[in-house]
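# Observations on chain architecture
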Amino acid sequence: MNGLQGRRELKHAITKADCHLLRNVLQNFMKLDPHGLDGKYLIRSVYFDNFDNKILRQKTEGFYHRDKFRARLYDHNTDFINLEKKSKRNNLTYKQKCRLSAAEYERIRSGDINWMSEDSRDILKDLYVQMTLFQIKPTTVVDYEREVFIYEYGNVRVTFDSHVKTSYRDTDFLNPELIVVDALDPDVVILEIKYDEFLPDIIKQSLSIIDTRKTAFSKYQLSRRYG
């Protein structure tokens, strides 16, 4: 995709007990993400979809060629928001992002989008096309806590996502008091492994100590189980 580096992603639902076990192994040779407190931070994303659930259906049906838009902030800091376009092409994942202001998000949320067509940010222009052609719009907010381990060889990130919550259809993304409810069993953690060309043996061996055969989860899919 226009010179972008594709990444591979593996996702598994694991128990908190397995998470604790794997974390203790990984910390011997991986570094905690320097952002956040002890490698942990809160992530809030608002996902875009349409009345026909186009994005959800493509994910559920396993399309090999699909795009997903979301806005994201960290630790409820509305001064730093990213608009992200995440693309799936066969087994590779590509991600593009740009900064988005709180005021711009509210304009998009209210349906005031004509200005996006002339914006210098390519992702905003891509989103404008999708909003115009397929009527996608902010649909649901997903909150969760993420813990990140980094391994520089192979550019590997191992993340543990827990306390996944959803706002149903409320898209008041900027509101720190937004009402959210559990979207996942509190005893379940979503394990994600992201890497470039290869997954180092030391990480493969570490993963073998836990049960990673469980069904992979999409946090957006989880959030939409409720409507």
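We now turn to the structure provided with this report. Bear in mind that the values here come from a model prediction, so they are computed numbers and not experimental data.

## A look at the overall build of the protein chain
For the protein chain, the helix and strand inventory stands at six helices and ten strands. Since a compact globule built from 227 residues should have a radius of gyration of about 17 Å, the 18 Å found for the protein chain is in line with a globular shape. On the principal axes, the C-alpha backbone points of the protein chain span a range of 50 × 40 × 35 Å. A buried classification covers 49% of the 227 residues belonging to the protein chain.

## Brief notes about a nonpolar patch on the surface
Taken together, the side chains of Val129, Leu133 and Phe134 make up a nonpolar region of the molecular surface, amounting to roughly 260 Å² of accessible area. Relative to the helices and strands, Val129 is located in helix H4 (residues 122-134).

## Points about H4
Taking 1.5 Å of rise per residue, the 13 residues of H4 would be expected to cover 18 Å, and the 18 Å separating its terminal C-alpha atoms lies within 8% of that figure. Downstream of H4 by one or two residues, Gln135 has phi in the positive range, about 55°.

## Topic: the pairing of strand S3 (residues 40-49)
For S3, a buried count of eight out of ten residues is recorded, marking the element as mostly surrounded by other parts of the structure. Summarising the sheet, S3 and strand S7 (residues 137-151) pair through ten bridges and their orientation is antiparallel. Opposite Ile43, over in S7, you have Tyr144 as the bridge partner. The sheet contact formed by S3 and strand S4 (residues 65-74) spans five bridges and is antiparallel. Looking at the pairing, Ile43 lines up with Tyr74 of S4.

## Things to note about the side chain of Thr166
Assignment of secondary structure puts Thr166 in strand S8 (residues 156-166). Accessibility expressed as a relative area gives 0% for Thr166, which makes it buried. In this structure the side chain of Thr166 is engaged in a polar contact, spanning 3.1 Å, whose partner is the backbone nitrogen of Tyr168.

## What to know about the packing of aromatic side chains
Per the counting criterion, the structure on display carries five aromatic pairs. Aromatic side chains Tyr41 and Tyr74 sit 5.6 Å apart centroid to centroid with 75° between the ring planes, which places their arrangement in the edge-to-face category. Here Tyr41 is found in strand S3, whereas its partner Tyr74 is found in strand S4, with 33 residues between them in sequence. In this structure Tyr41 comes out as buried when scored by relative accessible area, which is 9%.

Analysis parameters
- Residues numbered from 1 in each chain as written.
- Predicted model: local features only at pLDDT ≥ 70, side-chain atom pairs only at ≥ 80, totals over all residues.
- Heavy atoms only, no water.
- Helix = DSSP H or I, 4+ residues; strand = E, 2+ residues; numbered from the N terminus.
- Rg over C-alpha atoms; globule rule 2.2 N^0.38 Å.
- Buried < 20%, exposed > 50% of the residue type's maximum accessible area, 1.4 Å probe, protein only.
- Patch = residues over 30% accessible without salt bridge, like charges linked within 9 Å, V, L, I, M, F, W, Y side chains within 5 Å.
- Areas by Shrake-Rupley, 256 points an atom, 1.4 Å probe, with all protein chains shown as cover.
- Salt bridge = Lys/Arg side-chain N within 4 Å of Asp/Glu carboxyl O.
- Expected span 1.5 Å × (residues − 1).
- Pairing = 2+ DSSP bridges.
- Polar contact = N/O pair within 3.5 Å; in protein donor to acceptor, adjacent residues only side chain to side chain.
- Phe/Tyr/Trp six-rings, centres within 6.5 Å; stacked < 30°, edge-to-face > 60°.

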